[in-house]
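Breakdown of the fold
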Amino acid sequence: MGTKGQDSQSARPPDADSDSDSESSCSSDDGTYAPFPFAVERVHLDISFNPGTTVVTNTMHISPAHPGQQLGSAAESCKQLVLDGKKLQLLEIHLDGKPLPPQAYTYNQRASKLTLHSVPSSSFELCIKSATHPEANTGLQGLFMRAGIYATACEAMGFRRISFWPDRPDVLSTWTVRLEGDVAALPVLLSNGNMTAAGQLPGDRHYAAWEDPWPKPCYLFSAVAGKLSVHEGSHTIASSGKQVAVRIYTAPMYEGKLDFVLLSARAAMAWDEAMWGREYDLDGYAMAGVEGFLDDACETKGISLFHVHLLAVTPATHTDEEADESLRLIAHEYFHNFSGNRVTVRDWYQLTLKEGLTRFRDQAFAADYDAAASAAAAASSAGAVSGPAFPCSWHRVLEAQGIRRDQMPEDEGSLSHPIRPCCGTSLDNLYTDTVYDKGAEVVRMYHTILGHGRFYNGLQTFFQQHDGTAATCEDFCQGMFASSPLASLAPAMMRWYDTNGTPELTIRTTYSPAKQTLTLTVKQELETAKAPLLIPLKVGLIGPDGKDLLLHLMPATAGSSKHIKQAGNRKSSATTPSSSYTPTEVVTPGLCGSECCSMVLLLDSWSGSWVLSRLPEKPAVSLLRDFSAPVRLHVEGETDKSLGFLALHDSNPFARWDAVQRLMTRLLMRLYKVAERAAAGGESAIEAALAAAPGVPPGLVAALQAALLNDELDGQYKALMLQLPGVMELVPQMDEPDPELLWMVKVHVGLQLARQLQPQLEQLVQQCDSKLAAAGEAAVGFWPPAVKLRAARNAALGLLSYMEDRQLQQQLLQRYYSASCMTDRLAALELLADEDTPARSAALAHFHDTYRQQPSVLHKWLYVQAASDIEGNVENVRALMRHASFDITDPAAVSALLGGFSDSMVNFHAEDGSGYAFMADAVIEVDRVNPIAAADLAECLADWDMLDEEHQQLMKAQLRRLAGTKGLSADVREIVEDALEEDSSDDSTD
């Protein structure tokens, strides 16, 4: 990725001889964006599938760039046409129907460029015939074959491996496609848009013709061909009554396993209409499942492609968590129809424009879907299972947990980058947690700042103004603030796009008994920020009785602070579709005394102060409610006692969970210092020191006991309350800790909590068992009450497992064998896997034998073993790489086994460096097959600068070994060199 602080529109020119996929064609000589000098108005693609060689004939209707387009020096490039084409066999070129002689063009295969030296100054037709070899394509970009099925993966730079084309997202064309293949081998031929014709051909072949009326760039092209069965349903557009066919294509072996996905797709289509007014725009919507798909999924116009295990979702093969992920992913790819397809990105460094917005939309959908499904289930069960006290709360907590666990460490590491990254060599490395998840948080901040009504209006403005175009993040920001009185905040909001790192807020509260006021002073800090960011901070006050207080902002404060919002009992005046989100609206200074229990303070300077009045007693302050911004909090004077009060009484689901997390974090950090001082004496000395140190704060125990005993709390929320912060979540907040030592401290804290909460944990397990048994067959499926009961029960069992009780081990083994769904079976297996016992061996053998014919299910078996914290597990994982159930050409298998190994604190961070050495070996081996999958693995070696000195040196040694490896792909090399560049930067600073 680009260097810190570099302007997002600058470009780092790639090596001309590099075989990397880069977007240099979007940049001019000075590194700024330059539009393509030609318009490809329409294209007809003819693909003839044949064993070994597929022939592609590409007929483009091209003209000079549209009148009025500012080309500057790029006008000279209209004399020649440069197209991208990688690993293609060029067969023929015709210009306006006449064959071009070889001297009229140059195909530089090393640079992957086809240059036509002189083209007409007016419109012309260019026809290029080429051949590709999908069966040999293990990189799974472009056109490839897996399990007898041809499929395409064109985002970001895959189409150049199918045909010659200006492979950039700002070249939009209307497409017609003709697919041809053997009737027996390829009975189904799918592409974008609507099917317009089909028929038989001589030689037992057939064809299908498709037309997509909506302009799109080449990355949104797709084709699928093979022996596929179809599961079909329909969706009715509410406003018009139009029937849209919804079809799911998979290999025949998955028939009967697609009901959940069909239900999810129809729910997403209905929600997008009701919430955002987005009606589907083709006759049919299709989803196709492909074995070994490079990414989880990829949206293309009219048909979305998925790894097949995300479509064939059943309780027998998928956990509740996987079903929820599938629900969101199905929705995510469908929602791209507008946020990504109808409005696409101008260049790939604007990726968060489509991915951050669509991730926010899938999060909102999942929260609403859960609330509606839970309410319906509670109503139909006649009170057998209570509805949640905090509807949708666990989803927001889960999102915040993901930001802290995955994205914030990325912000702190050597690969830190803003949500709109600087130009880098490999575009494949742009698909990060920062671009997706932090990008979604930025979109959510618009929603928080503007309120649902104005956000809705802003989104409609953006879609209307940029329909059928390639847009930028600036375009989105302008649309959001187009009709808002807060338009002056747009520049501060835009700083989120180009600033890397996690902002830190320092909060100071001052209570005046005489004035009965509370002054809240907030200061923001971020080393990489050149100017203050716009940060919405949602706050509330809690009285000594544990109840929310009405908030009254003093008029003088409101007058001096321009940006204040209130939320709670007020309703948005805008006419918009309903949502489970609490609508909020801008409050003028004259309305600051209005009744509310939450308020959003908008900080757009380095510091700000607000005064709240009518407080006869000192209140507790609830901060960052709903995780209103992706920031870290530092509260002056915060104590275990004050946090314990919030953990027990805060009515805001996120803030209550966050208080528990902060209590746990404070405890872990205190005990880490104890363990660090004793480390020289070895493991026994560490254990003795921890045993002698002050234990779990009473406030934490009381808060968790109350949660466990509260029958009205959502079970999935309870499960999140019981989870300790992850080691790599804590590492960025500490001063270069030893990850193994921190893991030992976490195990100690887990054990102490399990002992103190044992009665309540066991009671919860028994209650959940009883309710699930009473529910009968309904409890086996993805029925919301059963899902929540399983989540709570399995989290309780997880905490109890810290006690390493033999009786519990036998109970877990019995639970494994008697499990009626994958959720319970895998939960038991994961807990058994961390202890080297006969029960572990028996369960693992049984799992493999039971699911040996289902490769996607065996990915769980691989992950459980690789992520195990049994010491010395690296050799077991090395052996699994040679196991018949591991397929190195399947990115999902690679992620399960090798990604799983990186999750093991004990083995990946082994003190002898064996874990890092093994991972470097694996990166080299995977890179020969699939560079993108290898680059994902290499990232786990890039966070050396957050660890202690010994682990830093061990990790950097493997990075240097990778850097010296001949033939390393550009994707992996970029990760490695950027990580080592951080080392050089630190050395020069020293």
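What comes next concerns the included structure. (Residues numbered from 1 in each chain as written. Predicted model: local features only at pLDDT ≥ 70, side-chain atom pairs only at ≥ 80, totals over all residues. Heavy atoms only, no water.)

With respect to the side chain of Arg404
Mapped onto the secondary structure, Arg404 falls in helix α4 (residues 393-412). Residue class for Arg404 comes out buried when judged on its relative accessible area of 12%. Within the local environment of Arg404, its side chain forms a polar contact with the side chain of Asp658, the two groups lying 2.7 Å apart. Sequence-distant contacts of Arg404, that is, excluding residues within four places in its chain, are made with Pro409, Phe627, Phe654, Trp657, Asp658, Gln661 and Glu729. (Helix = DSSP H or I, 4+ residues; strand = E, 2+ residues; numbered from the N terminus. Buried < 20%, exposed > 50% of the residue type's maximum accessible area, 1.4 Å probe, protein only. Polar contact = N/O pair within 3.5 Å; in protein donor to acceptor, adjacent residues only side chain to side chain. Contact = heavy atoms within 4.5 Å.)

Section: the packing of aromatic side chains
In this structure the tally under the stated criterion is 37 aromatic pairs. Ring geometry for Tyr219 against Trp348: centres 4.7 Å apart, planes inclined by 65 degrees, an arrangement best described as edge-to-face. Of this pair, Tyr219 sits in the loop between β14 (205-216) and β15 (223-226) while Trp348 sits in the loop between β21 (343-345) and α3 (351-380), and the two are 129 residues apart along the sequence. Here Tyr219 and Trp348 have matching classes, each one buried. (Phe/Tyr/Trp six-rings, centres within 6.5 Å; stacked < 30°, edge-to-face > 60°.)

So, the pattern of salt bridges
Taken as a whole, this structure holds 50 salt bridges when the rule is applied. For Asp824, the salt bridge is made with Arg793, and the minimal N-O distance between the two is 2.5 Å. Here the residue Asp824 occupies a position in helix α18 (residues 822-832), and Arg793 occupies one in helix α16 (residues 784-800), the gap between them amounting to 31 residues. Across the pair, Arg793 and Asp824 agree in class, each one buried. As a salt-bridge pair, Arg878 and Glu875 come within 3.7 Å of each other at their nearest N and O atoms. A residue pair is termed a helical-turn pair when its members lie 3 or 4 positions apart in one helix, as Arg878 and Glu875 do in helix α21 (residues 874-880) at three residues. Exposure remark for Glu875: the relative accessible area of 48% places this residue in the partly exposed category. The structure contains a network of salt bridges with shared partners spanning Asp46, Arg178, Glu180 and Arg205. (Salt bridge = Lys/Arg side-chain N within 4 Å of Asp/Glu carboxyl O.)

Notes on the sheet that holds strand β7 (residues 113-116)
Strand order in the open sheet formed by three strands is β3-β7-β6, and the pairing between neighbours is antiparallel. Each edge of the sheet is formed by a strand with only one pairing partner; in this case those strands are β3 (81-84) and β6 (105-108). In this sheet, adjacent strand axes meet at a mean angle of 15 degrees when their direction is disregarded. Pairing of β3 with β7, which is carried by four bridges, proceeds in the antiparallel orientation. The residue of β7 that forms the bridge with Leu83 is Leu114. (Pairing = 2+ DSSP bridges. Axes fitted to C-alpha atoms, helices over the stretch in contact; angles between N-to-C directions.)

Some details on the environment of Arg614
Looking at the secondary structure, you find Arg614 in the loop between β29 (607-612) and β30 (620-622). On the accessibility criterion, Arg614 (56% relative accessible area) is exposed. Sequence-wise, Arg614 and Met554 are 60 residues apart; in three dimensions their C-alpha atoms are separated by 9.2 Å. With residues up to four places along the chain from it excluded, the contact list for Arg614 reads Gln516 and His552.

What to know about the pairing of strand β24 (residues 517-525)
Taken together, the nine bridges between strand β23 (residues 504-512) and β24 define a ladder with antiparallel strand orientation. Its bridge partner being in β24, Thr506 is matched across the sheet by Lys523. Here β23 hands over to β24 after four residues, with Gln516 in that stretch at a positive phi of 55 degrees. Summarising the sheet, β24 and β29 pair through six bridges and their orientation is antiparallel. If you follow Val522 over to β29, its bridge partner there is Gly608.

Observations concerning the side chain of Asp411
Residue position: Asp411 is located in helix α4. Each residue touching Asp411, except ones within four places of it in the same chain, is listed here: Ser416, His417, Thr434, Lys438, Asn500, Gly501 and Thr502.

A short note on the sheet that holds strand β16 (residues 229-236)
Taken together, five strands build an open sheet; the order of strands is β16-β17-β18-β20-β19 and the sheet is mixed. One side of each edge strand has no neighbouring strand; the edge strands of this open sheet are β16 and β19 (297-300). Between one strand axis and the next, the sheet turns through 15 degrees on average, direction left out of account. Pairing of strand β17 (residues 243-250) with strand β18 (residues 284-290) involves five bridges; the strand directions are parallel. Counted as the bridge partner of Val246 is Tyr285 from β18.

Some points on the packing of helix α1 (residues 259-276) against helix α2 (residues 320-335)
With their axes 9 Å apart at the nearest point, α1 and α2 run at an angle of 50 degrees to one another. Comparing their axes, α2 and α1 come out oblique. Seen from above, α1 lies across α2 with right-handed handedness. Along its contact with α1, which presents Phe260, Val261, Ser264, Ala265, Ala268, Met269, Trp271 and Asp272, the element α2 presents Ala323, Ser326, Leu327, Ile330, Ala331, Tyr334 and Phe335. Grouping the constituent residues of the contact of α1 with α2 by class yields 12 nonpolar, two polar and one charged. (Parallel < 35°, antiparallel > 145°, perpendicular 65-115°, else oblique. Left-handed = near helix turned anticlockwise from the far one by under 90°. Nonpolar A, V, L, I, M, F, W, Y, C, P; charged D, E, K, R; others polar.)

Quick look at the packing of helix α17 (residues 806-818) against α18
Where α17 contacts α18, the axes come no closer than 8 Å and their chain directions differ by 145 degrees. Our pair here, α17 against α18, has a crossing hand that is left-handed. Residue-level contacts link Gln809, Leu812, Leu813, Arg815, Tyr816 and Tyr817 of α17 to Arg825, Ala828, Leu829, Leu831 and Leu832 of α18. Looking at side-chain class alone, the contact of α17 with α18 contains eight nonpolar, one polar and two charged residues.

A word on the nonpolar core
Grouped together as the largest cluster of nonpolar side chains are 241 residues, with contacts concentrated most on Tyr446, Phe476, Leu753 and Leu941. By size, the runner-up hydrophobic cluster in this structure holds 60 residues, among which are Met60, Leu83, Cys154 and Trp175. (Core = buried A, V, L, I, M, F, W, Y, C linked by side-chain atoms within 4.5 Å.)

Considering helix α15 (residues 739-775)
For α15, which comprises 37 residues, the first-to-last C-alpha distance of 43 Å sits more than 12% below the rise-based estimate of 54 Å (1.5 Å per residue). The largest bend in α15 amounts to roughly 75 degrees and is located at Leu757, with the proline Pro759 lying one to four residues further along. The residue sitting at the N-terminus of α15 and contributing the capping side-chain oxygen is Asp738; that oxygen lies 2.9 Å from the backbone nitrogen of Glu740. (Expected span 1.5 Å × (residues − 1). Bend = angle between axes of the 7 residues up to and from the residue.)

Describing the environment of Tyr717
Along the chain, Tyr717 falls in helix α13 (residues 715-721). Residue Tyr717 is classed as buried on the basis of its relative accessible area of 0%. It is 8.4 Å that separates the C-alpha atoms of Tyr717 and Pro653, two residues lying 64 residues apart in sequence.

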